[in-house]
Amino acid sequence: MAIALLVRSAANRVLTEAVEVTIEADARQLSEVLSAGGMSALQLAVGEKSRHSSGGVYLLLDVAGRRLAGNIQERPASFEGGSGAGVFRYRLAGRQGRGAQPDEERLAAGIQLDLDGGGTLVVGREIESQRQLLSSINRSLLFGLGAFAVFGIVGGFLLARHILARIDAMSRASQAIMAGDLAGRLPRNGSGDELDRLAEQLNEMLARIERLMSGLREVSDNIAHDLKTPLNRLRNSAESALLDARGAPAWREGLQRTLEEADDLIKTFNALLLIARLEAGSIAESFETVDLAEIARDVAELYEPSAEEAGLSLAIITPPSVPTRANRQLVSQALANMLDNAIKYGVRQAGSPSVAGPGILVALDAEGDTARLSVADRGPGIAEADRKRALDRFVRLQPSRTKPGSGLGLSLVAAVAQMHNGSVALEDNQPGLRIVLSLPLAAGPLSVANSDPNRSRARNASEHGHSD
């Protein structure tokens, strides 16, 4: 409606300005004729314009008010009071111009001028055609507005039905998901509109929830499997001690075994809690600039006796210094888990071809803005199809589960990498397994507190008694 009114107003203004310009030009021209030739010349000019001007309205009166020339019969009533300007109705004087009848009343806009020496001149323009044009514009605008309103109502109704139908489909899918169908997803029509983008984001969230629920079920199953045996062993040990005829000595032995089993369970639950904290990102404020090369050397030195006890040689290759922004304790724990995994499973199997080099190799290098810390062994390795699954919680690829552990070692390494905006990858060492922990390098200098190897070695030794 506002646009229609603006169009009508603009058209009326343009037409009015055009009429005003034409009238002023005619009046100025006739005034020049009067100045140059007097009243007689003006009379001839008015007569000439009256006969040949299309749409022009002219009237010349003498001092007494008698008509001397012009194409209208009498002075307009609106000009009776003297000079002025306005809109008036007139009758043509005889059959002049455009086939009009003498008695036909028409509409014009004009001005009345009082002439020097007496007399009156009326100059105007017929505006009947402009009025008809404005009427036509009004009718067109009304028709357009009506059509627009009809199309708007119909289009709005169809659009509302389409949107409501999509919302209903999304609502039905949501109800099915809430009823337990975690594999369900919100429908999309492929248009890429706002509803499609919303459905895509919600589907990503639902996919993550499904993965978390699946992981929770898997964790629950593994907890039931991995903790049932030590709990039963704990109970049987206590029961055997109570039934032992030796009395106090047997009870003491039973309590010692119970404490050992309880320590293993506590370590498992502590590892679970640490992974949960890492995934929640609740300790990111503890980051500092540390030397990754120093951490690698300290942890490797700490695990060297364990590797020798397992019959494995351990070597380390690192640059002098590799600074990174990290939590020292967590990175040390991750490397300890990687080494513990290599010691457990890195023993060369009988019948395997001999390979030159150390049994376990800890290597550190920097590529671009990333530090790569790797631990490689010469054991049986992990099949490519199982490498991604090996990073999940409680996953132990050894079906017999004869090796000690809870299946949380590599999952903690993955959680540490995620917390530090890094990554962990399991690669083929040909033969054996190479675990690669990638962390972003630090731009700032190392802190003085972190450069004391005795302090860091002592702290690492106190923190890494257990990696699984």
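Just so you know, these numbers come straight off a predicted model, no measurement behind them.

Thresholds, definitions, all that
- Residues numbered from 1 in each chain as written.
- Predicted model: local features only at pLDDT ≥ 70, side-chain atom pairs only at ≥ 80, totals over all residues.
- Heavy atoms only, no water.
- Helix = DSSP H or I, 4+ residues; strand = E, 2+ residues; numbered from the N terminus.
- Buried < 20%, exposed > 50% of the residue type's maximum accessible area, 1.4 Å probe, protein only.
- Contact = heavy atoms within 4.5 Å.
- Areas by Shrake-Rupley, 256 points an atom, 1.4 Å probe, with all protein chains shown as cover.
- Salt bridge = Lys/Arg side-chain N within 4 Å of Asp/Glu carboxyl O.
- Pairing = 2+ DSSP bridges.
- Axes fitted to C-alpha atoms, helices over the stretch in contact; angles between N-to-C directions.
- Left-handed = near helix turned anticlockwise from the far one by under 90°.
- Patch = residues over 30% accessible without salt bridge, like charges linked within 9 Å, V, L, I, M, F, W, Y side chains within 5 Å.
- pLDDT = per-residue confidence, 0-100.
- Nonpolar A, V, L, I, M, F, W, Y, C, P; charged D, E, K, R; others polar.

Quick notes on the overall build of the chain
- Secondary structure summary: the chain contains eight helices and 12 strands in total.
- A total of 468 residues make up the chain; the buried ones form 36% of that total.
- The long-range share in the chain, meaning contacts at least 24 apart out of those at least 6 apart in sequence, stands at 63%.
- Surface summary for the chain: the accessible area is close to 26,300 Å², and the carbon and sulfur share equals 56%.

Here we look at the pattern of salt bridges
- Following the criterion strictly, the structure yields 16 salt bridges and no others.
- Of the charged contacts in the structure, one is a salt bridge between glutamate 48 and arginine 51, with a shortest N-O distance of 3.0 Å. Here glutamate 48 pairs with arginine 51, and both are found in helix α1 (residues 2–52), just three residues apart, close to one helical turn.
- Using a relative accessible area of 40% as the deciding quantity, one classes glutamate 48 as partly exposed.
- Residues joined in a network through salt bridges with shared partners are Arg166, Asp193 and Asp196.

Considerations on the sheet that holds strand β5 (residues 120–126)
- Overall, antiparallel pairing links the five strands, which are arranged β2-β1-β5-β4-β3 in an open sheet. Both outer strands of the open sheet, β2 (67–70) and β3 (84–91), are each paired with one neighbouring strand and no more. The sheet shows a mean angle of 25° between the axes of neighbouring strands, direction not considered.
- Sheet topology note: the strand β1 (residues 56–61)/β2 ladder contains three bridges and is antiparallel. Bridge assignment links leucine 60 to a residue of β2, and that residue is alanine 69.

Points about the packing of helix α6 (residues 328–345) against helix α7 (residues 409–419)
- At their nearest, the axes of α6 and α7 sit 9 Å apart, and the two run at 150° to each other. Where α6 crosses over α7, the two elements pack in a sense that is left-handed. Taking contact as the criterion, the partners of Leu330, Val331, Gln333, Ala334, Asn337, Met338 and Asn341 in α6 are, on α7, Gly409, Leu410, Leu412, Val413, Val416 and Met419.

Describing a nonpolar patch on the surface
- On the surface, a cluster of nonpolar side chains totalling about 390 Å² of accessible area is made up of Val150, Val154, Phe157 and Leu158.
- Within the fold, valine 154 resides in helix α2 (residues 128–178).

Let's talk about the confidence of the model for the chain
- For the chain, per-residue confidence averages 78 on the pLDDT scale, and residues scoring 70 or more make up 78% of the total.
- Element-level pLDDT for the chain is lowest in helix α8 (residues 453–463), with a mean of 39, against a maximum mean of 92 in strand β10 (residues 370–377).
- Counting contacts from residues 447–467, a segment whose pLDDT is below 50, to residues more than four positions away or on other chains yields 40 contacts.

A closer look at the sheet that holds strand β9 (residues 360–367)
- Read from one edge of the open sheet, five strands run β7-β9-β10-β12-β11, paired in mixed fashion. At either end of the open sheet lies a strand with only one pairing partner, and these are β7 (314–317) and β11 (423–428). Taking each pair of neighbouring strands and ignoring which way they run, the sheet shows an average axis angle of 15°.
- As judged from the six bridges shared by β11 and strand β12 (residues 433–440), these two strands associate in the antiparallel manner. In the sheet register, alanine 425 faces β12, and the bridge partner there is valine 436.
- With respect to the sheet, helix α5 (residues 292–309) is in contact with β7, β9, β10 and β12, its orientation differing from that of β7 by roughly 175°.
- Sheet contacts for α6: β7, β9, β10 and β12; angle to β10, the most-contacted strand, approximately 25°.

A look at the packing of α5 against α6
- Following both chains from N to C, one finds α5 and α6 inclined at 35°, their axes separated by 10 Å at the closest point. For the element pair α5 and α6, the recorded crossing hand is right-handed. Of the residues in α6, those in contact with Leu292, Glu294, Ile295, Ala296, Val299, Ala300, Tyr303, Ser306 and Ala307 of α5 are Arg328, Val331, Ser332, Leu335, Ala336, Leu339, Asp340 and Ile343.
- Here the contact of α5 with α6 is built from residues that sort into 12 nonpolar, two polar and three charged.

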